[in-house]
Amino acid sequence: MPAGLIALALGGFGIGLTEFVITGLLPEVAADFGVSETTAGWLVTGYALAVIVGALGLTAATTRLPRKAVLIGLLVLFVIGNTLSALAPTYGVMMTGRVVAALCHGAFFGIGAVVASEMVAREKRASAVALMFTGLTASNVLGVPFGTFLGQALGWRATFWAIAAIGVVALIGVAVLVPAPESTTAPSLARELGAFRSGQVWLSLGVTVLGYGGMFGAFTYIAYTLTAVSGFTSAAVPWLLVVFGLGLFVGNWAGGRLAARSIDGTLIAVLAGLTVVLALFAAVASNPVLTVVALVLMGAFGFATVPALQTRVMQYADHAPTLASGANIAAFNLGNAFGAWVGGLTIAAGLGYTSPIWAGAAITLAGLALVAVAASAARHGRAAHRPSAATTGSVRTVA
């Protein structure tokens, strides 16, 4: 694999760390700014909403610019945002820093996935995307526990200084190691928007919302499940999340390899497996040992979908995959919000702390049904949705 993929993965690591590490530092941040933990929680929500805006807005706004230059600019924005957070004298400035950093999130992963796929042979594109997203999974496994420890030991600002430093290293790596893609056609926003005329692009986005949203809906309230149902102490939760992160890591790697053979086949098999895992998890959550096993499997099956979901939408976007790729990153975050909302409704209805997991299984099942419809339409509509010559070799694996 090209060294540039490592630079992209490092950027993904820093961005993932920015998104997730704040959850472990909310008490310290709330105390420092003199706000309630509910108010501090908007630092998480505001980030997620800004990701959606950046994934669509910044990707569209930079369509005519060279992709490598855009990636460098996004990392500069990332460093500025985290520096603002580290220096923030008030809660408002902290929120501004979070929003600025989040704006680069969706566009970086969306554009980065396209650049990563162009750096390798057609048959290795899903694996290249998976390697880039390895940075995101590593941020959960290694970055979040270390970042939380650093923030608790040296103050939460130290964590954001460390993240800003990671951004600088990633920026240098992208500038030096990522080649400038050679393009035979001039970039065009109209061409990028034209990709959305494909019904398969919209089906792919829908599968992302449901397929990823089901797992995240279950994960959002997992701390309550682990303590109130499984009987673990609060101190054990961070370590259980590391175990979950290991599942993410393995799932991302395996999903990339499987998607290189058959994208739709991988999605159907993995979403079916995830539906079963979530249902079993909800049923055995009162057993601590089985809960740990289910937690690992939920992470593995949940993130095994990511390379296939990202690659699928790019392939059906023909010669204009950049905006569609960014839209799919927005779809991941929309799925996060949707799954968390549904899970919250089930708890508010008094259905207990395993109800978000049951809800997640139902959402995932809907995603499975949708990808089955999409795969069937792809098999019966090759003439209408035939990919360009540049991507023919890889799209043959879709069905």
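About the cut-offs
- Residues numbered from 1 in each chain as written.
- Predicted model: local features only at pLDDT ≥ 70, side-chain atom pairs only at ≥ 80, totals over all residues.
- Heavy atoms only, no water.
- Helix = DSSP H or I, 4+ residues; strand = E, 2+ residues; numbered from the N terminus.
- Expected span 1.5 Å × (residues − 1).
- Buried < 20%, exposed > 50% of the residue type's maximum accessible area, 1.4 Å probe, protein only.
- Salt bridge = Lys/Arg side-chain N within 4 Å of Asp/Glu carboxyl O.
- Phe/Tyr/Trp six-rings, centres within 6.5 Å; stacked < 30°, edge-to-face > 60°.

**Student:** So what's going on with helix H11 (residues 237-259)? Which residues, and what values?
**Tutor:** Here H11 spans 32 Å end to end across 23 residues, near enough to the 33 Å set by a 1.5 Å rise per residue. Considered for burial, the residues of H11 that qualify are Val-237, Leu-240, Val-242, Phe-244, Gly-245, Gly-247, Leu-248, Gly-251, Asn-252, Gly-255, Gly-256 and Ala-259.

**Student:** I'd like to hear about the pattern of salt bridges, residue by residue, with values.
**Tutor:** Enumeration according to the criterion identifies two salt bridges in this entry. Salt-bridge contacts for Arg-157 lead to Asp-32; the nearest nitrogen and oxygen are separated by 3.4 Å. Placement of Arg-157 in helix H7 (residues 156-177) and of Asp-32 in helix H1 (residues 3-33) is noted, with a sequence separation of 125 residues between them. With a relative accessible area of 25%, Arg-157 lands in the partly exposed category. Between Arg-312 and Asp-264 there is a salt bridge, with the nearest N and O atoms lying 2.6 Å from each other. You can see Arg-312 sitting in helix H14 (residues 306-315) and its partner Asp-264 sitting in helix H12 (residues 263-284), a full 48 residues away along the chain. Taking the relative accessible area as the measure of exposure, Asp-264 reaches 0% and is therefore buried.

**Student:** Can you tell me about the packing of aromatic side chains, naming the residues and giving the values?
**Tutor:** Aromatic rings considered in pairs are described by the distance between their centres and by the relative angle of their planes. This structure, assessed with the given rule, holds nine aromatic pairs. Pairing Phe-219 with Phe-244 gives two aromatic rings, centres 4.6 Å apart and planes at 10°, and the pair type is stacked. Of this pair, Phe-219 sits in helix H9 (residues 199-220) while Phe-244 sits in helix H11, placing them 25 residues apart in sequence. For the pair Phe-219 and Phe-244, one class covers both residues: buried. Arranged with centres 5.3 Å apart and planes meeting at 15°, the rings of Tyr-224 and Tyr-353 form a pair that is stacked. On the criterion of sequence distance, the pair formed by Tyr-224 in helix H10 (residues 222-229) and Tyr-353 in the loop between helix H15 (321-348) and helix H16 (355-380) is long-range, its members being 129 residues apart. You can call Tyr-224 partly exposed: its relative accessible area is 45%. Take Tyr-353: its relative accessible area is 33%, and that puts it in the partly exposed class. Put simply, the rings of Phe-33, Tyr-91, Trp-156 and Phe-160 touch in pairs and so form one group of aromatic residues.

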